[in-house]
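# Fold and contact review
Take a look at the letters that make up each chain.
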Amino acid sequence: MEARDDQSYSSRSILNLDALITNCRDENTRFVLFAKKAGSLARFSCIDEARSLVKELRAANGAFDPQLSGWIILAEGLIEHFDSLNNVKSKDKFNRALLVGQMAGDRELAGTAAAWMAHCELVSGQISAASNQIVTAFKWSDENSYDARGRASMVLGDALNWAGQTELARKWYRDARNYAIREGDIAMQNVMLFNLAAFGVANLTLLDCSEPTSAEAWKWVSLEVASAANLNHALGIQSLSSLIPMMRAELFVVKRQWKEASALFEAHMSRVVADGQKRLLPKIISQLAWCQANLGDMDEAFVSFRKSVDICADCTDLDDLAVLHFRLSGVGKLILNQEIQNYHATLAAGYLTRFRNQQAEMFEKLRDTIEKVNFQIKNPT
C-alpha cells in the first residue's frame, strides 16, 4: 500500500489523506488512514480500487485491531452503498462500525458510522430510528469531525425535505455544505446536489398529479438537476447511471414533452433495478404508460399499464404510490375506461392523504431531533 501523488481525484480530502499517509511513521495509524482513503474512494465510485485497498488492509490486520477493523468495516459499507445502493448490506456494516467505534473510543469513527446509519434508516422510512442516529452522530463527533457532522446534517436536511419543510431543509444543507468545504470533500457536495435535485423532482411530480405547476417551478428544478448532472460528470462518476436520466424524464413529463420523456424512460429503465432502485420501477412504468397514452399509442400504453399494476407491490413509499395511481388513472381517462380511471383516482387520493399526514408526523418528530442536535452542538461532550 502506497500513497498516490498523481492527484487523479479532484478531492482535497483524498490528497490530504495521501499527505498524512506519506508522513505517517506509525504502522497502525497508517493503516487506519488507508482505510479512510478506501471509504473516500468508494464515495467517488472508485469501487474496484476501494475494494482492492480493503482486501490489502484485511490481510494486514492479522491481529484484528479494533480501531482498524472498524474503519475497514465502514469502508466496506460505503462500497456497498455507492456500488449499488444496497441498503441492507451497507446498514449492517455501518451498524457494526458504529459499535466497534464506540467500544474502541474512536469518536470520529462512531460519529461517521452513526451518520451513515441515519441515512439507511431514513431510506427505510424509519424516521424515529433515523432521528436517534442523527443525534448519536453529533454526540459521538467533535466540531472538527467534518464528515460525521456534514453527513448527519445532510440526512437531517433530507428528512426535513421529505417532511415537506423545504426552507428549513436548506438551512441544514448549508451546514452540510460548510462541513464538506472544510473537509475538502467534493463527493459530499455532489451527493447533496443530487439529493436537492431528487427531492425537487419528486415534489414537483407529485404536485403535477393533482394541480397545475408553474413554468418557474419547472425551470428551478431543472437547474438543480443540471447542476447535479454537471458535477457528477466532472467527477467522472459512472455508477448509478440511471438516476439522473430518470429525473430528467420525470421533468419532461411535467412539461408535457411526452416523446422526450418516453425515450429516456425506455433507454434507461433496464438500469434501474441494477442501480438498487427496484421500488421505483412501478412508478416509472406508470409514467411511461401515461406518456404513451398521451402520444396516442393506446396498445403500448395498456401493456405498460398492466406491467405497472403487476409489480405494484414493489412500490412502498406513499408518495410514489400516489404518483403511480394518479398516472394510471390518467391512462384510464385517455383510453376511455371510466372504471379504471375512478378506481386508481380513489387509490391515488388515499395515498396522497396518507403521505401528507405522514409528513406532518415526521416534522413533529424532527422538531425534537433539531432541538437535541442544537443542544449537542452548544454543549459538546
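Residues numbered from 1 in each chain as written. Predicted model: local features only at pLDDT ≥ 70, side-chain atom pairs only at ≥ 80, totals over all residues. Heavy atoms only, no water.

## With respect to the packing of helix α8 (residues 146–162) against helix α9 (residues 166–183)
For the pair α8 and α9, interaxial distance at closest approach is 8 Å and the crossing angle is 160 degrees. Taken together, the axis directions place α8 and α9 in an arrangement best described as roughly antiparallel. Pair α8 / α9 crosses with left-handed handedness. Between α8 and α9, the contacting residues are Tyr 146, Arg 149, Gly 150, Ser 153, Met 154, Leu 156, Gly 157, Asp 158, Leu 160 and Asn 161 on the first element and Thr 166, Leu 168, Ala 169, Trp 172, Tyr 173, Asp 175, Ala 176, Tyr 179, Arg 182 and Glu 183 on the second. The residue makeup of the contact of α8 with α9, split by class, is 10 nonpolar, five polar and five charged. (Axes fitted to C-alpha atoms, helices over the stretch in contact; angles between N-to-C directions. Helix = DSSP H or I, 4+ residues; strand = E, 2+ residues; numbered from the N terminus. Parallel < 35°, antiparallel > 145°, perpendicular 65-115°, else oblique. Left-handed = near helix turned anticlockwise from the far one by under 90°. Contact = heavy atoms within 4.5 Å. Nonpolar A, V, L, I, M, F, W, Y, C, P; charged D, E, K, R; others polar.)

## A closer look at the pattern of salt bridges
The final tally for this structure, using the stated rule, is 23 salt bridges. Note that Lys 93 is salt-bridged to Glu 76, the shortest N-O span being 3.1 Å. One end of the pair, Lys 93, is in helix α5 (residues 87–104); the other, Glu 76, is in helix α4 (residues 66–84), and 17 residues separate them in sequence. With respect to class, Lys 93 is no different from Glu 76; both count as buried. Counted as one network, the salt bridges with shared partners bring together Glu 250, Arg 279, Lys 283, Asp 317 and Asp 320. (Salt bridge = Lys/Arg side-chain N within 4 Å of Asp/Glu carboxyl O. Buried < 20%, exposed > 50% of the residue type's maximum accessible area, 1.4 Å probe, protein only.)

## A short note on unusual backbone geometry
One non-glycine residue, Ser 45, lies in the positive phi region at around 65 degrees. Summarising the element assignment, Ser 45 is placed in the loop between α2 (27–43) and α3 (47–60). Although it is not a glycine, Phe 64 sits at a positive phi angle of roughly 50 degrees. One can find Phe 64 in the loop between α3 and α4. The class of Phe 64 is exposed, set by a relative accessible area of 61%.

## Notes on the confidence of the model for the protein
Here the protein averages 91 in pLDDT, and 96% of its residues register 70 or above. Predicted confidence is poor over residues 4–10, with pLDDT under 50, and the contacts of this stretch with residues over four places away or in other chains come to 11 contacts. (pLDDT = per-residue confidence, 0-100.)

## Structural notes on the nonpolar core
With 108 residues, the main nonpolar core has Leu 74, Leu 160 and Phe 265 as its most contacted residues. Setting aside its immediate chain neighbours within four residues, Phe 265 contacts Met 246, Ala 249, Glu 250, Val 253, Ile 284, Gln 287, Leu 288 and Cys 291. (Core = buried A, V, L, I, M, F, W, Y, C linked by side-chain atoms within 4.5 Å.)

## What to know about the packing of aromatic side chains
If you walk through the whole model with that rule in mind, you get five aromatic pairs. An angle of 40 degrees between the planes, with centres 6.5 Å apart, marks the rings of Tyr 146 and Tyr 179 as tilted. Taken as a pair, Tyr 146 in helix α8 and Tyr 179 in helix α9 lie far apart in primary sequence, 33 residues in all. Judged by relative accessible area, Tyr 179 falls into the buried class, the value being 7%. The ring of Trp 71 has Lys 36 sitting right over it, with the charged end atom 4.9 Å from the ring centre. Lys 171 extends its terminal NZ or CZ atom over the ring of Trp 172, reaching a point 3.7 Å from the ring centre. (Phe/Tyr/Trp six-rings, centres within 6.5 Å; stacked < 30°, edge-to-face > 60°. Lys NZ or Arg CZ within 6 Å of the ring centre and 35° of its normal.)

## Description of α2
The terminal C-alpha atoms of α2 lie 25 Å apart, and with 17 residues this matches the ideal 24 Å at 1.5 Å per residue to within 8%. In terms of residue burial, α2 counts as a mostly covered element, since 12 of its 17 residues are buried. When α2 is considered as a whole, its buried residues turn out to be Phe 31, Val 32, Leu 33, Phe 34, Ala 35, Lys 37, Ala 38, Gly 39, Ser 40, Leu 41, Ala 42 and Arg 43. In the core, the buried residues of α2 are packed alongside α1 (12–23), α3, α4, α6 (107–123), α8 and α10 (186–210). (Expected span 1.5 Å × (residues − 1).)

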